[in-house]
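Chain residues, written in single-letter form:
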Amino acid sequence: MREVLAFKAGMAFLALAIWADPQQPPPAPKPPVKATVKITSEDIPPTPPYTKVHLVGDTKITDPDALVVWFVTPIDKCVTEQLSDNECDVLVRSDIPETTFTYFWVVKQKGKQTSVTPGTFKAGKGPRPPPPPDPDDPDPPPPDPPNPDNVKLPFPQDGFYAMFFYQDTDFNSYSPSHKAAIGGAAVANYLNAKATKDNTGHPCWRVFDTNQQFAGSGYWLEAHKKGVVDHAAWEAKNPGKKVPWLLVGNGKKGHSGPVPDKLDDTLALLAKYGG
Amino acid sequence: MGRKKKQHIINDSTSNDVLFPKEFGRGFDKLQREQNDGYIPKASLSTDGSKIYLPQPHGADPVEIRIYEESEWDALYDEQEKNQSSLEHIRMRGDKGKPIPSYDQNGQGYCWMYSSCSALTASRAKQNQPYVRFSAHAGAWVIKKGADEGGWTGLAGPFVEEKGLPTVKEWPEKSMNGQTYNTAATWEVAKQYRPTETWIDMRAAAYDRTLARRVLATLLFNNIPCTGDYDWWSHSVGLLRWCRISAGSWGPLIWNSWTDSFGTQGMSKLEGSKAEHSGAIAFRTPMAMAA
């Protein structure tokens with residue numbers, strides 16, 4: 001898994017162990033930072049439904065050497081983004097069963113953990129029930145069939161776009177087919193020919209890093225965000241497996257999932273959206 | 001490299017294990033970067049030289065990268081040939097399916113910055129980001145305060161990581177007119193081309209920042225572009241690939257900054273004692289435009 005998530009997983013485990021183990025209480029009898037945490041949440045439409053929980057600590061950290069890190073467990077059911085020392089967003093799929101999440105607001109100073117502020121919040125509403133039957137319409141149309149692809153389009157704009165991303169520190173563990181997909185000529189030549197061209201004529205496909213940083217805002221960033229969420233959810237269900245990720249779409253339909261095991265399947269998947 | 005250089009002789013009999021730097025690396029985590037005032041010289045090698053450890057902040061388990069055994073190199077090289085997937089291949093189709101042109105340092109002593117330019121260009125090509133031509137003179141001019149002097153890749157790398165590089169639109173290629181082009185606006189543009197993840201041994205002095213041979217081979221087999229300083233040549237170049245010269249003989253494919261007329265479209269293989277580098281850094285991930 002990508003480095004940051006691995007780090008957070010390790011630290012969340014550590015924080016949980018310290019918090020839960022009566023033999024190892026948090027080491028500081030008098031934490032230098034008193035904290036309460038304000039929690040707000042909002043549903044993010046349309047699909048898949050997400051709830052964004054915004055955690056805000058109430059005390060500014062004035063020590064320039066202090067390190068403040070937020071952790072939220074269970075880590076396989078959420079994605080966190082620390083916005084500042086005092087703020088952290090947590091993204092939870094709202095169609096999971098209601099789940100109690102535990103957060104830790106950890107302050108470290110001078111190399112020691114000096115404060116752990118645990119707390120909980122609940123998120124997840126379970127699957128949405130079907131709408132009640134309309135008594136005025138005895139023969140309502142059947143509901144839309146489930147979309148085997150991801151319901152939120154990775155590239156909602158017109159045109160054929162594709163993005164791979166992978167963690168370069170995992171590259172050694174990828175199969176030859178995966179390496180060929182993210183760097184080989186077959187995929188590159190296909191996408192050079194088929195992908196939408198930008199205003200300079202450059203084909204709109206990319207191979208980014210999992211930790212990619214972007215300048216500005218736009219569709220590559222938005223697709224990458226979606227991919228990282230989907231990727232984290234997939235890895236939580238497939239522990240120990242490391243795969244590169246593929247997002248592809250043409251404005252009408254799209255896909256976000258692991259790069260297929262076989263190179264031919266990757267090319268077929270791209271052709272499904274790019275023709 | 002260039003005209004002022006420190007002699008740093010590599011003994012051919014030195015083993016790989018000795019050549020491994022005990023620690024190398026720099027920033028891969030923004031949070032950690034901020035907490036450490038920009039410098040994260042913490043990555044290390046296992047004692048048997050089989051893994052690179054990338055430690056996470058505050059004691060979490062480090063990420064490991066296994067270093068390829070030499071016995072694996074043939075299969076890796078053959079795989080790259082079969083799939084046309086090395087950085088050499090990517091460079092040759094990186095500009096809308098056509099080769100990305102080589103740089104041209106124009107006879108000045110700025111090769112140590114041009115090598116970073118080549119590596120940064122290759123890292124963008126790997127991501128299929130649009131080809132932009134960087135102005136190496138810009139970075140070297142600022143570091144040397146306008147003087148035409150030699151340097152090392154370990155001097156250029158940290159500067160490029162912090163400031164980025166402007167393109168030739170902001171600072172014309174090979175221009176020494178810093179009085180005109182060295183502006184805040186130029187460097188604001190440069191930021192968007194910054195590499196955000198590199199491996200540079202920041203513990204060492206600029207002239208001693210290097211990567212061991214097997215580390216370099218591993219990074220290049222993993223399509224992570226590098227740079228190399230070569231004392232015998234008094235020159236610094238981009239590195240695109242770890243190549244089989246002949247059975248059992250290996251060396252880097254360099255991307256020179258002497259135009260496409262050098263070697264094969266600006267590239268050449270180094271072998272034997274000429275393949276021994278004295279300095280090296282790696283460019284992992286460049287910044288990307290969001291749209």
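Residues numbered from 1 in each chain as written. Chains lettered and ligands numbered in written order. Predicted model: local features only at pLDDT ≥ 70, side-chain atom pairs only at ≥ 80, totals over all residues. Heavy atoms only, no water.

S.K.: Got a minute to help me understand the pairing of strand 11 (residues 245–249) of chain A in this structure?
M.R.: Regular strands place side chains that alternate from one sheet face to the opposite one. All names here are of chain A. Of all five residues in strand 11, five are buried; the element is thus mostly enclosed. Side-chain alternation along strand 11 places Trp245, Leu247 and Gly249 on one buried face and Leu246 and Val248 on a second face that is also buried. As judged from the five bridges shared by strand 8 (residues 161–166) and strand 11, these two strands associate in the antiparallel manner. By the bridge assignment, Phe165 is partnered in strand 11 with Trp245. Note that strand 11 and strand 12 (residues 254–258) share five bridges and pair antiparallel. Along strand 12, the bridge assignment pairs Leu246 with Gly257. Hairpin connection between strand 11 and strand 12: a loop of four residues separates the two successive antiparallel strands, and Gly251 in this loop has a positive phi of roughly 90 degrees. (Buried < 20%, exposed > 50% of the residue type's maximum accessible area, 1.4 Å probe, protein only. Helix = DSSP H or I, 4+ residues; strand = E, 2+ residues; numbered from the N terminus. Pairing = 2+ DSSP bridges.)

S.K.: Sorry, what's going on with the sheet that holds strand 6 (residues 235–246) of chain B here?
M.R.: In a beta sheet, neighbouring strands are held together by backbone hydrogen bonds and run either parallel or antiparallel to one another. Residue and element names in this part refer to chain B. In spatial order, the strands read 4-9-5-6-7-8; together these six strands make up an open sheet with antiparallel pairing. Looking at which strands have only one partner, the edges of the open sheet turn out to be strand 4 (195–199) and strand 8 (267–269). Put simply, the sheet's adjacent strands are angled 35 degrees from each other on average, direction ignored. Sheet strands in contact with helix 3 (residues 73–83) are strand 6, strand 7 (249–255) and strand 8, and its direction is about 100 degrees off that of strand 6. Sheet strands touched by helix 5 (residues 111–126): strand 4, strand 5 (226–230), strand 6, strand 7 and strand 9 (279–286). Its angle to strand 9, the strand with the most contacts, is close to 35 degrees. (Axes fitted to C-alpha atoms, helices over the stretch in contact; angles between N-to-C directions. Contact = heavy atoms within 4.5 Å.)

S.K.: What is the right way to read the environment of A:Leu263 from this model?
M.R.: All names here are of chain A. Among the structural elements, Leu263 can be located in helix 5 (residues 263–274). Sequence separation of Leu263 and Lys179 is 84 residues, and the distance between their C-alpha atoms is 9.2 Å. Contacts of Leu263, omitting those with residues within four sequence positions, involve Ser177, Ala180, Ala181, Ala186 and Val187.

S.K.: So what exactly am I meant to see when it comes to the pattern of salt bridges here?
M.R.: Side chains that differ in sign of charge can pair as their charged atoms come close. Taken as a whole, this structure holds 19 salt bridges over all chains when the rule is applied. A salt bridge links B:Glu79 to A:Lys179; the nearest nitrogen and oxygen atoms lie 3.9 Å apart. Taken together, the residues span two chains, with B:Glu79 in helix 3 and A:Lys179 in helix 2 (residues 176–183). Take B:Glu79 and A:Lys179: they sit in the same class, and that class is buried. Between B:Arg91 and B:Asp260 there is a salt bridge, with the nearest N and O atoms lying 3.1 Å from each other. Placement of B:Arg91 in helix 4 (residues 87–92) and of B:Asp260 in the loop between strand 7 and strand 8 is noted, with a sequence separation of 169 residues between them. (Salt bridge = Lys/Arg side-chain N within 4 Å of Asp/Glu carboxyl O.)

Interpretation in functional terms is not warranted from these geometric data alone.
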